[in-house]
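A look at the structure
So you can see what is in the structure, the chains are spelled out below.
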Amino acid sequence: VAPLCLLVLNSPMEPVIDFTAPWSTGLKRISVVSIVALALATLAALYAWRQTAAPVALLAVVLPPIVVLGCALCMVKGYVLNGDEIVVKRLGWTTRLPLDGLRSVAGDNEAMSSSWRLFGNGGLLSYTGYFWNRKIGRYRVFATDPSRSVVLTYPKRKVVITPDDPQRFIVRARTILKNRGR
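Residues numbered from 1 in each chain as written. Predicted model: local features only at pLDDT ≥ 70, side-chain atom pairs only at ≥ 80, totals over all residues. Heavy atoms only, no water.

**Some remarks on the sheet that holds strand S9 (residues 150–153)**
Spatially, the 6 strands line up as an open sheet ordered S5-S9-S10-S8-S7-S6, and their pairing is mixed. Both outer strands of the open sheet, strand S5 (104–107) and strand S6 (116–122), are each paired with one neighbouring strand and no more. Mean inter-strand twist for the sheet, computed between neighbouring axes without regard to direction, equals 20 degrees. Sheet analysis places strand S8 (residues 137–143) next to strand S10 (residues 158–161), joined by 3 bridges and oriented parallel. Residue Arg-140 lies in a different strand from S10, and its bridge partner there is Val-159. (Pairing = 2+ DSSP bridges. Helix = DSSP H or I, 4+ residues; strand = E, 2+ residues; numbered from the N terminus. Axes fitted to C-alpha atoms, helices over the stretch in contact; angles between N-to-C directions.)

Structure (structure tokens):
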């Protein structure tokens, strides 16, 4: 049994490492305020629809819950780092970021500062989509706490993620890249 354990421990395969995606105070506040506002809008539209039976009021009843559901399905739950890729765990599915082509992994707690949202979600249950700022240019984001930002640089794109322990993530990712000969 002991030689088998040594073989497993010395295996060239990289271990799978899970990272959570903790929410910042700002994300919590934005999410609560947004959900309350959308719930109030739904109730007001429901009242209007009951009074008028107007089809547009019915649309206003169903639209806010659809928005919350869509954001919930896209929210970031965590990250998995393995020997081949970074997996962004979401409620509805996963997004895979290959390690092939990844040029650098760097922490930058100001990476998302002064960003403009080009397309995506700016704070209802997560920050996801495409953003731009002067510091890093156009980037894709899968985040829950901008102060934990890790910038992944590929030849033609940048991605920002926010694992619970950015320093541990960076060290592990750089080790995997080094072992892969990058």
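**Some thoughts on helix H3 (residues 55–74)**
Its 20 residues give H3 an end-to-end C-alpha distance of 29 Å, which sits within 8% of 28 Å, the value for a rise of 1.5 Å per residue. All of the buried residues along H3 are Ala-57, Val-61, Pro-64, Cys-71 and Ala-72. Buried residues along H3 sit in contact with helix H2 (25–52) and S6. (Expected span 1.5 Å × (residues − 1). Buried < 20%, exposed > 50% of the residue type's maximum accessible area, 1.4 Å probe, protein only. Contact = heavy atoms within 4.5 Å.)

That is the geometry; function is a separate question.
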